[in-house]
Amino acid sequence: MVQTLNTLIETPSQTSGPYVHIGCIPSFAGIEGIYPEDLGKSPIAHGAKGEIITISGSIFDGTGWTMRDAMFESWQADATGRFAGQEGADPQVSGFCRFAAGKDTGQFTLRTIKPGAVKMRGGSVMAPHISLWIVARGINIGLNTRIYFDDEDNSADPLLARIEQRQRVDTLIAKKVADGQYRFDVRLQGAGETVFLDL
Amino acid sequence: MTDTKVLMPRRREVHPVPHDPDYKTSVPRSPSLPLLSMESTPSEETGPRFGHGLLGALDNNLISNFTQGKALAIGERIRVHGRVLDETGRAVPHTLVEIWQANAGGRYRHIKDSYFAPLDPNFGGCGRTITDENGYYEFMTIRPGAYPWPNRANDWRPMHIHFSIFGHAFGQRLISQMYFEGDPLINHCPIAATIKDRSQLDTLVAPLDLQSSRPMDYLAYKFDIVLRGHRQTMFENKMEGM
Ligand SMILES: [Fe+3]
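Residues numbered from 1 in each chain as written. Chains lettered and ligands numbered in written order. Predicted model: local features only at pLDDT ≥ 70, side-chain atom pairs only at ≥ 80, totals over all residues. Heavy atoms only, no water.

Describe the sheet that holds strand β8 (residues 160-165) of chain B, naming the residues involved and giving the relevant values.
All names here are of chain B. With respect to topology, 5 strands assemble into an open sheet ordered β4-β3-β8-β9-β10, the strand pairing being mixed. Two strands close off the open sheet at either side, each with one partner strand: β4 (126-130) and β10 (205-206). Note: strand β9 (residues 174-180) against β10, 2 bridges, orientation parallel. Of the residues in β10, the one forming a bridge with phenylalanine 180 is alanine 206. (Pairing = 2+ DSSP bridges. Helix = DSSP H or I, 4+ residues; strand = E, 2+ residues; numbered from the N terminus.)

In structure tokens, the structure reads:
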């Protein structure tokens, strides 16, 4: 026999189901009056420093169908690469946003500021990116990915460097379509499947 | 530099399988290629924090929050309570817990729910709270009804409450479901069955907690939640100070 480990086991995930909006963004489900406003309506407040950008896109299932019931959460650093709560972070940047694929169009839009590069332990630097977490009916455990930008230098990013099939790097990079506007699509399966993360 | 701590790697084997033919929607919605693994970075080790100032007085009372106390929801009154811990066994204090559920008849207040069980005019179906300094939380609600759903020819969801938990790091983010002790539908549910280890599914089943119930008022169910922990070593603490 051996000693007993004192660690606990993480609670298993379950799908968010189709009604995740009720709990997380109730006004999307038509439920008003319980909370003054949905949590995470915007990751930035008035006066946030940095370039204001919008990122729009759709999420596709393995058949190519545009999903209309996914919910997204984003988490990011401020324009100088600091996260909310860290010393020197921009107090106007919460960095957290919740948004949903449109009921009819399946289109989502995130309005935020372009984040700065983030320093890692050991001194290496991650290119500007936004962390994205995706839940929906049929997704049994939330999917993590990242949004990078095609007008930034991503060549030394430690996470992108780990992607063996180099053509897949592209799935994590938002494309500039106009000044301050980017396009980022998510593909759950098939050709162009987005790189999802376990970290 | 940051003062964040590395997250323990997620034990994927304790979680549901992403692709399960018995849960049909998971078939086209699960990645077919392997996930990209790496040690957590500050982007996963930090996360949003929400203060108690966020909360309204009735936010954790689903029996009365939809009418702001003017009328009570229909159904069996229950209290759901427990603690949020991490893998090291430490409490996770001051973290946001959100829930949503069907009404007593098994109907959600959502445009996509077409089940013919009636809506309860006094029930919205969502609530939220923030754990105290010991990781403790509680909700008052009504027992949700079981409901049918389109999957195989005759699938029913067991009674359940959806839970969303933040922790203190974006990499701890978790959505799960709480089931009720003794519900025979748990053993027939393809969503519950996406968890292949029965002992892990059992951790989602809240026991009846008679000692925490209130006579002539409500029954209680206890539901503890475990989030990913941070790796802590003396060695690394010293290194960070160097
Ligand atoms: Fe449900």
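Explain the coordination of the iron ion residue by residue, including any values.
All names here are of chain B. Protein-derived ligands of the iron ion are Tyr108 (OH), Tyr147 (OH), His160 (NE2) and His162 (NE2), with the metal-ligand distances lying across 1.9 to 2.2 Å. All donors of the iron ion come from a single chain, and their spacing in sequence reads Y-x38-Y-x12-H-x1-H. Here tyrosine 108, found in the loop between β3 (96-100) and β4, pairs with histidine 160, found in strand β8; they are 52 residues apart in sequence, far enough to count as distant. Accessibility expressed as a relative area gives 0% for tyrosine 108, which makes it buried. (Donors = N, O, S within 2.8 Å, 3.2 Å for Na, K, Ca; no water. Buried < 20%, exposed > 50% of the residue type's maximum accessible area, 1.4 Å probe, protein only.)

Explain the nonpolar core residue by residue, including any values.
Generally speaking, a soluble globular protein has its nonpolar side chains buried in company with each other. Grouped together as the largest cluster of nonpolar side chains are 45 residues, with contacts concentrated most on Ile22(A), Leu159(A) and Trp100(B). Every element with two or more residues in this core is listed here: α1 (20-24), β2 (71-76), β3 (96-100) and β7 (130-135) of chain A together with β3 and β4 of chain B. With 3 residues, the single largest contributor to this core is α1(A). (Core = buried A, V, L, I, M, F, W, Y, C linked by side-chain atoms within 4.5 Å.)

Hey, could you go over the pattern of salt bridges for me, with residue numbers and the actual values?
Should their charged atoms come close, side chains of opposite charge can pair. Residue and element names in this part refer to chain A. Under the definition given, this model contains 25 salt bridges over all chains. Between arginine 98 and glutamate 73 there is a salt bridge, with its nearest N and O atoms 2.7 Å apart. Note that arginine 98 is positioned in strand β3 and glutamate 73 in strand β2, a separation of 25 residues in sequence. Residue arginine 98 is classed as buried on the basis of its relative accessible area of 4%. (Salt bridge = Lys/Arg side-chain N within 4 Å of Asp/Glu carboxyl O.)

Outline the interface of chain B and chain A, supporting the account with residue identities and numerical values.
Each partner contributes residues to the interface: chain B has 85 residues there, and chain A has 73 residues. Summing both partners gives a buried area of about 7200 Å² for chain B against chain A, and 58% of it is carried by carbon and sulfur. Considering only the surface of chain B that becomes buried against chain A, Arg29(B), Leu36(B) and Met38(B) emerge as the three largest contributors, covering 13% of it. Applying the counting criterion to the chain B and chain A interface returns 7 salt bridges. With its nearest N and O atoms 2.7 Å apart, the salt bridge here joins Arg98(A) to Glu98(B). Counting every contact that joins chain B to chain A gives 45 residue pairs in polar contact (both at pLDDT 80 or more). Elements that contribute at least two residues to the side of chain B that touches chain A include exactly β1 (36-37), α1 (42-45), β2 (77-86), β3, β4, β8, β9 and β12 (225-227) of chain B. Sort the elements by how many residues they give to the side of chain B that touches chain A and β9(B) lands first, with 5 residues. When its residues are assigned to classes, the side of chain B that touches chain A shows 39 nonpolar, 27 polar and 19 charged. (Contact = heavy atoms within 4.5 Å. Buried area = accessible area lost by both parts, 1.4 Å probe. Polar contact = N/O pair within 3.5 Å; in protein donor to acceptor, adjacent residues only side chain to side chain. Nonpolar A, V, L, I, M, F, W, Y, C, P; charged D, E, K, R; others polar.)

Before we move on, could you go through unusual backbone geometry and cite the residues and values that matter?
Residue and element names in this part refer to chain B. Phi is positive for histidine 94, close to 55 degrees, though the residue is something other than glycine. Mapped onto the fold, histidine 94 is located in the loop between β2 and β3. Residue methionine 216 is not a glycine yet carries a positive backbone phi of 65 degrees. Looking at the element boundaries, methionine 216 is found in the loop between β10 and β11 (219-222).

Help me get a handle on the pairing of strand β9 (residues 173-178) of chain A, residues and values and all.
Residue and element names in this part refer to chain A. The pairing of strand β8 (residues 143-149) with β9 spans 2 bridges and is parallel. Paired with tyrosine 148 across the two strands is isoleucine 173, which belongs to β9. Here β9 runs beside strand β10 (residues 181-183); their pairing, made up of 3 bridges, is antiparallel. Looking across to β10, one finds that lysine 175 is bridged to arginine 183. In this antiparallel pair of consecutive strands, β9 and β10, the connection spans 2 residues, and glycine 180 shows a positive phi of 75 degrees.

Would you mind going over the confidence of the model for chain B in detail, with residue names and values included?
On average, chain B scores 95 in pLDDT, and the residues at 70 or more come to 95%. The complex prediction reports pTM at 0.97, with the ipTM value standing at 0.97. (pLDDT = per-residue confidence, 0-100.)

Give a description of the state of the cysteines that names residues and reports values.
Using the criterion set out here, one finds 0 disulfides over all chains in the structure. Just so you know, Cys24(A) is unpaired, no disulfide at all, and the nearest cysteine sulfur is the one on Cys126(B), 9.4 Å from it. The buried category is assigned to Cys24(A), whose relative accessible area is 1%. The thiol of Cys189(B) is unpaired, and the distance to the nearest cysteine sulfur, on Cys24(A), comes to 20 Å. (Disulfide = S-S within 2.5 Å.)

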